[in-house]
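Structural overview for review
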Amino acid sequence: IISLAFFVSSCGSTTTLFTQQLRDQYKLSSEDLKSIQFYVSGEIELTRYSQGAKKSTEDGELTLMKDEVLEKVVIKSGTPCLIREVIDGNRVTVSFENGNDRYLVFGSLHNRDGAYTLQALNWKKDDGGRLNYGQKEYDANYESKGAFLYLKVKSLNKFRLDQEVVKGKTLK
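Residues numbered from 1 in each chain as written. Predicted model: local features only at pLDDT ≥ 70, side-chain atom pairs only at ≥ 80, totals over all residues. Heavy atoms only, no water.

**So, the overall build of the protein chain**
Note the threshold: Numbering of helices and strands runs from the N terminus; a helix is a DSSP stretch of H or I covering at least four residues, while a strand is a stretch of E covering at least two. This radius of gyration counts C-alpha atoms alone. The globule rule is 2.2 Å times how many residues there are, raised to the power 0.38. Per-residue accessibility, obtained with a 1.4 Å probe over protein chains only, is compared with the maximum for each type, and a residue is labelled buried under 20%, exposed over 50%, and partly exposed between these values. Every accessible area reported is derived by Shrake-Rupley at a probe size of 1.4 Å, with residue values counting cover from the shown protein chains alone. In this tally, Asp and Glu contribute negative charge and Lys and Arg positive charge; neither His nor the terminal groups of the chain are included. To locate a charge, take atom NZ for lysine, CZ for arginine, CG for aspartate or CD for glutamate.
Per the secondary structure count, the protein chain includes 2 helices and 12 strands. In sequence order, the secondary structure elements of the protein chain are arranged as β-α-α-β-β-β-β-β-β-β-β-β-β-β. Over its C-alpha trace the protein chain gives a radius of gyration of 27 Å, far above what one expects of a compact globule, namely 16 Å for 172 residues. Oriented by its inertia axes, the alpha-carbon framework of the protein chain measures out at about 130 × 30 × 25 Å. Here the protein chain holds 172 residues, and 27% of them are scored as buried. Here the protein chain displays about 12,200 Å² of accessible surface, and carbon together with sulfur accounts for 50% of that area. Each charge sign in the protein chain was given a centre, from 25 positive and 23 negative side chains, and these centres are 13 Å apart.

**Observations concerning the side chain of serine 144**
Note the cut-off: Polar contact is the term for a pair of N or O atoms within 3.5 Å; when the atoms are in protein, one must be able to donate a hydrogen and the other to accept it, and sequence-neighboring residues count only if both atoms are side-chain atoms. Any two residues whose heavy atoms approach within 4.5 Å are treated as being in contact.
Relative to the elements of secondary structure, serine 144 occurs in the loop between β11 (136-140) and β12 (149-164). For serine 144, a relative accessible area of 0% gives the class buried. Among the polar contacts listed, one links the side chain of serine 144 to the side chain of asparagine 141, at a separation of 2.3 Å. Once residues within four sequence positions are removed from consideration, serine 144 is found in contact with Glu43, Ile44, Glu45, Leu118 and Trp123.

**Details of the pattern of salt bridges**
For the record, the criterion: Criterion for a salt bridge: a side-chain nitrogen of Lys or Arg within 4 Å of a carboxyl oxygen of Asp or Glu.
Following the criterion strictly, the structure yields 9 salt bridges and no others. The partner of glutamate 45 in a salt bridge is lysine 72, with the nearest N and O atoms 3.7 Å apart. With glutamate 45 in strand β3 (residues 44-58) and lysine 72 in strand β4 (residues 61-75), this pair connects stretches of sequence that are 27 residues apart. The partner of arginine 130 in a salt bridge is glutamate 137, and the shortest N-O contact between them spans 3.0 Å. Since its relative accessible area comes to 36%, glutamate 137 is described here as partly exposed. Connected through shared salt-bridge partners, Arg48, Glu71 and Lys136 make up one network.

**Things to note about the layout of surface pockets**
Here is the rule we go by: Buried and open spaces are told apart on a 1 Å grid over the protein atoms alone, a cavity being a set of points where a 1.4 Å probe fits but cannot get out and a pocket being an open set with protein on both sides within 12 Å along at least five of seven lines. Residues with an atom within 4 Å of a point are the lining residues. Grid points are joined across faces, edges and corners, and a volume is the space filled by probe spheres set on the points.
In this structure, the largest pocket occupies an estimated 190 Å³ of space. Surrounding the largest pocket, 13 residues form its lining, Val105, Gln119, Leu121, Leu131 and Asn132 being those nearest its centre.

**Some details on the packing of aromatic side chains**
Note the cut-off: Here a Phe, Tyr or Trp ring, Trp counted by its six-membered ring, pairs with any other such ring whose centre lies within 6.5 Å, and the pair is stacked when the planes are under 30 degrees apart, edge-to-face when over 60, and tilted otherwise. Here, over-ring charges are defined by two tests on the NZ atom of lysine or the CZ atom of arginine: distance to the ring centre within 6 Å, and angle to the ring normal within 35 degrees.
Counted by the stated rule, this structure contains 4 aromatic pairs. The interplanar angle of 70° and the centroid separation of 6.4 Å between the aromatic rings of tyrosine 133 and tyrosine 138 together place this pair among those described as edge-to-face. Chaining the aromatic ring pairs together yields one cluster made of Phe18, Phe38 and Tyr116. If you follow arginine 84 out to its NZ or CZ, it ends over the ring of tyrosine 103, 4.3 Å from the centre.

**Points about the sheet that holds β4**
Under the convention used in this document: At least two DSSP bridges between two strands are required for those strands to pair.
Pairing is antiparallel in the open sheet, where 5 strands are placed in the order β4-β3-β11-β10-β9. The strands lining the two open edges of the sheet, one partner per strand, are β4 and β9 (122-123). Relative to β4, β3 runs antiparallel, the two being bridged by 15 bridges. Looking at the pairing, glutamate 58 lines up with glutamate 61 of β4.

**Some words on unusual backbone geometry**
With a phi close to 50°, lysine 27 is a non-glycine residue in the positive phi region. Within the element layout of this structure, lysine 27 appears in the loop between α1 (20-25) and α2 (30-34). Unusually for a residue other than glycine, aspartate 59 sits at a positive phi of about 50°. The residue aspartate 59 is located in the loop between β3 and β4 in this model.

Quick look at the structure:
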């Protein structure tokens, strides 16, 4: 008598920090990364300030109008995102919304644990960083520097039992 049994058990999904070690360990290709749902760990706040001036003459007076605009982009902690492009071995572009040029760069550069964190053109000590988002340059607040990517990992265990019952051998 031969019997076969298959067991598949699921340990549920857990959230895991996206690191260079994880990427290397599981040999995640560019296509793999583009098909995984990622999330951002902390709030990212981008601001852009612009000002201009207009002049006009009216009733014999010079009128000056100062025009100021403050643009703000806020990406809340836990916001889902997708990797749109792998730049090199340790940097990726991540999109949070539609639009080809509306993305941020995350990478495992300049940190000890290999986590993919928000990258800026430059970070100022105890201040923010300057980065591009949607063909405009923004300032990210200092807290945004600590934002990293994480993903959910589902663990499945497959077990196969091959069992044969032997009747034994006797003398004749």
